[in-house]
Amino acid sequence: MTQHLADRTQPTRGPGHDQRRDWWRDAVIYQVYPRSFADGDGDGMGDLAGARERLPYLADLGVDAVWLSPFYASPQADAGYDVADYRAIDPMFGDLHDADALIREAHRLGLRVIVDLVPNHSSDRHEWFQRALREGPGSPLRDRYHFRPGRGASGDLPPNDWESIFGGPAWTRVPDPDGTPGEWYLHLFAPEQPDFNWDNEAVRDEFRSVLRFWLDMGVDGFRIDVAHGLIKAAGLPDMGHTGQLKLLGTQVLPFFDQDGVHEIYRSWRRILDEYPNQRIGVAEAWTPNAGRTALYVRPDELHQAFNFHYLNTAWDAAALREVIDASLDSMRPVGAPTTWVLSNHDVVRHRTRLGGGIARARAATLLMLALPGSAYVYQGEELGLPEVTDLPDEARQDPAFFRRGPHGDGSGDGQDGLRDGCRVPIPWAADGTSYGFGAGGSWLPQPDGWGAHSVAVQTGDPASTLELYRSALALRRAHAALGAGDGVEWLDAPAGVLAFRRRGADGVSLVCAVNTGAAPAELPGVLTAGGHALLTSDGWDGTGPLPVDTAVWWQE
Ligand code: NOJ
């Protein structure tokens, strides 16, 4: 077994596989959320065998790589982001042979594979944490996490005032081995997710070893969960006030975006570079601004960082232009590609979030795919799936729902911070049990009529969102102007319209124009008389004003 798995360092590349250097600079990376993608064994939960069977669909869609959310051994307190064994597959998803088979098949089809790495915290069922509990205060095992005595005369107050991202205090008290109330441990997320102490060398050694384990299995990279959280400010100082959730991503916090994280990524980069075929690291880093994000992708650190500033931008031409410029400007000095993302497993699907239905979602996608850098597509967005907003409470599994309550984070921003609605298993077939998700049911209920969005219904329909994605991704491959480079040439456009030119090394230049305004917009001077529409998000024929919530790719 070990031998069989270890020979993955030189993956077989399919005939169409992209051998260019820096494949990741303009890659389109498709996020598979394994429990909701495809169910191979009919138990209602997606798995690796199901995902492997569907890889030809992804190759045909035209993406370059697949990112798999966690499939490791886990009690699933946070849908797998609570890892009990970093080197084992949870039985609900399969086993290491299934992972090996998936990686091999992806490579055969010319797809790269990125796996999720969860280094900020483990599961409370992880062997280290269990031993730390058993051994009690003073054990070296406790130093691998953040255990502290409580405050107050009897130690029954948390060691500091930090709040969990999922609501409530970020500390939980545990009994001492003799059963009396004992120390508290830190968990920035759920109590089942104790934070590692990254000042402890054993933690650093362990993760270097875990990286090598998966690199030896042949993976092409890692998406690093909570990459901004590993280092906590010395002494774990109080924040001094409540409502800390609102501050996430707005400033450097004693538990987020501390400068000490960067030396960890420098050491990981050295490991990635030991392997052939350009293995990459992608930071899930929530930072106050694009400049702070750029620090994670300096030449000796990670390769990419998610652009949550873009994801969080409203459907407004001026705001979008500002964030696009800020993103590109911040990445240029460090030489890293900008990334673009509209949807993932933690946010309201962009069809619903942007507030303009499917037309706006499609226009947003064409805008994203015309920008220089790497783009992330979340499973089901290519089907134009909406957020499922009416899940019954008893079906929900997101720990945020249980800790924050049914009204979510109370931010009033239209996103309640609850995440089951974007995780409903995707429809492959028009009807049948779980709409082709598997031979059994579906771990979250799928809405009636979900099959109308299915792959089967949309395939071959030129007006469908699936075919729009296929066309856009094929054009992105065919035209060097899309995706490549590190800047855009803005064109003068009426208020509410974004228009920019992309020039390819092949001499072809394309214009992307998108109307975010409330009325159709004339585009004099933007689209030259001699050109033609390559692709439009709503079937606009290229004559007359550009309709609202419509994007066009125009070849000059
Ligand atoms: C970010 C992941 O995307 C999210 O799903 C998870 O709950 C937290 N990190 C904690 O691991």
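I will try to describe carefully the structure that is included in this document. Numbering of residues begins from 1 in every chain and follows the order in which that chain's sequence is written. The predicted origin of the model limits local features to residues at a pLDDT of at least 70 and limits the giving and counting of side-chain atom pairs to 80 or more, whereas totals for whole chains, interfaces and linings rest on all residues. Excluded from the side-chain calculations are hydrogens and water; all other atoms, namely the structure's heavy atoms, are used.

Quick look at the overall build of the protein now. Elements are defined by DSSP. Helices are runs of H or I of four residues or more, strands are runs of E of two residues or more, and each kind is numbered from the N terminus. Each helix and strand counted, the protein has 16 helices and 18 strands in total. We take the radius of gyration over the C-alpha atoms and set the globule estimate at 2.2 Å times the residue count to the 0.38 power. Here the C-alpha radius of gyration of the protein, 24 Å, is about what a compact globule of 556 residues would show, namely 24 Å. With the C-alpha coordinates of the protein rotated into their principal frame, the extents come out at 80 × 50 × 50 Å. Only protein chains enter the accessibility calculation, which uses a 1.4 Å probe; a residue whose area is less than 20% of its type maximum is buried, one above 50% is exposed, and one in between is partly exposed. Each of the 556 residues in the protein was classed as buried or not, and the buried ones make up 60%. Every residue pair with non-hydrogen atoms within 4.5 Å of one another is taken to be in contact. Considering only contacts within the protein whose residues lie at least 6 apart along the sequence, 69% involve residues at least 24 apart.

With that settled, consider the site of the ligand. Taken together, 14 residues lie near the ligand, and D78, D225, H345, D346 and R419 sit nearest. Contacts described as polar in this section are N or O atom pairs within 3.5 Å, which, within protein, must combine one atom able to donate a hydrogen with one able to accept it, while residues neighboring in sequence count only if both atoms come from side chains. Here an oxygen atom of the ligand and a side-chain polar atom of D78 are 2.5 Å apart. Of the residues contributing to the shell around the ligand, the split by class is four nonpolar, three polar and seven charged. By convention in these notes, a residue is near a molecule or strand provided one of its non-hydrogen atoms lies within 4 Å of it. Put simply, Ala, Val, Leu, Ile, Met, Phe, Trp, Tyr, Cys and Pro go in the nonpolar bin, Asp, Glu, Lys and Arg in the charged bin, and everything else, Gly too, in the polar bin.

So, on to the pattern of salt bridges. Salt bridge criterion: a side-chain nitrogen from Lys or Arg within 4 Å of a carboxyl oxygen from Asp or Glu. In the structure shown here, the tally under the stated rule is 33 salt bridges. Put simply, R419 and D78 hold a salt bridge, and the shortest N to O gap is 3.0 Å. Placement of the pair is R419 in the loop between helix 14 (399-404) and helix 15 (455-458) and D78 in the loop between strand 3 (72-73) and strand 4 (85-89), with a sequence separation of 341 residues. Taken individually, R419 and D78 each receive the classification buried, so the pair is uniform in this respect. The salt bridge partner of R223 is D116, with a shortest N-O separation of 2.9 Å. Note that R223 is positioned in strand 9 (residues 221-224) and D116 in strand 5 (residues 112-117), a separation of 107 residues in sequence.

Within 6.5 Å between ring centres, the rings of Phe, Tyr and Trp (the latter by its six-membered ring) count as paired, and their orientation is classed by plane angle as stacked under 30 degrees, edge-to-face over 60, tilted in between. For the coordinates displayed, the defined rule picks out 31 aromatic pairs. Ring geometry for F196 and F207: centres 5.5 Å apart, planes at 80°, overall edge-to-face. Placement of the pair is F196 in the loop between strand 8 (181-186) and helix 7 (201-216) and F207 in helix 7, with a sequence separation of eleven residues. Both residues of the pair, F196 and F207, belong to the buried class. Either the NZ atom of lysine or the CZ atom of arginine qualifies as a charge over a ring when it sits within 6 Å of the ring centre and within 35 degrees of the ring normal. Cation over ring: R35 sits above W443, and NZ or CZ is 4.5 Å from the ring centre. The aromatic ring of F147 is capped on one face by R142, whose charged end is 4.3 Å from the ring centroid.

A word on the environment of G496. Mapped onto the elements of the fold, G496 is located in the loop between strand 14 (489-490) and strand 15 (497-503). Assessed through its relative accessible area of 22%, G496 is described here as partly exposed. Distance in space between the C-alpha atoms of G496 and T516 is 5.2 Å, their sequence separation being 20 residues. Not counting the four nearest positions on each side in its chain, G496 is found in contact with A317, V514, N515, T516 and G517.

Now for the sheet that holds strand 7 (residues 171-175). With antiparallel pairing, the three strands of this open sheet are ordered in space as 6-8-7. The open sheet terminates on both sides in strands that have one partner only, identified here as strand 6 (147-148) and strand 7. Pairs of strands are assigned from DSSP output, requiring at least two bridges between the strands.

All right, on to the sheet that holds strand 18 (residues 550-555) then. In space, the five strands of this open sheet follow the order 14-15-16-18-17, with antiparallel pairing throughout. Of all the strands in the sheet, the pair left with one neighbour each is strand 14 and strand 17 (532-536). Sitting on the sheet, helix 11 (residues 317-331) is in contact with strand 14 and strand 15, with an inclination near 35° to strand 15. To get an axis, a line is fitted to the C-alpha atoms, and for a helix only the part in contact is used. The angle between two axes follows their N-to-C directions and goes from 0 to 180 degrees. The strands that helix 16 (residues 465-478) touches are strand 17 and strand 18; relative to strand 17, the one it contacts most, it runs at about 130°.

Before going further, it helps to examine unusual backbone geometry. Positive phi values are uncommon outside glycine, yet Q278 reaches one of about 55°. Looking at the element boundaries, Q278 is found in the loop between helix 8 (261-274) and strand 10 (280-283). A relative accessible area of 19% means that Q278 is categorised as buried. Phi at S434 is positive, roughly 50°, even though this residue is not glycine. With respect to the element layout, S434 can be found in the loop between helix 14 and helix 15.

Alternating positions in strand 9 separate into two faces, G221 and R223 on one and F222 and I224 on the other, with burial throughout. Where strand 5 and strand 9 come together, four bridges link them in parallel fashion. Its bridge partner lying in strand 9, V115 is registered against F222. In the sheet, strand 9 pairs with strand 10 via four bridges, with the strands oriented parallel. Residue G221 lies in a different strand from strand 10, and its bridge partner there is I280. Handedness rule for crossovers: strands pointing away from the viewer, path from the first strand over the helix to the second running clockwise, crossover right-handed. Remark: the strand 9/helix 8/strand 10 crossover connection has right-handed handedness.

Now for the side chain of S464. Topologically, S464 is positioned in the loop between helix 15 and helix 16. Since its relative accessible area comes to 7%, S464 is described here as buried. Side-chain polar atoms of S464 contact the backbone nitrogen of E467, separated by 3.1 Å. Setting aside anything within four residues of it in sequence, one finds S464 in contact with R362 and Q458.

Structurally, the position occupied by P524 is in the loop between strand 16 (509-515) and strand 17. Assessed through its relative accessible area of 66%, P524 is described here as exposed. Residues P524 and D492 lie 32 residues apart in sequence; the distance between their C-alpha atoms is 9.4 Å.

By themselves these figures say nothing about function.
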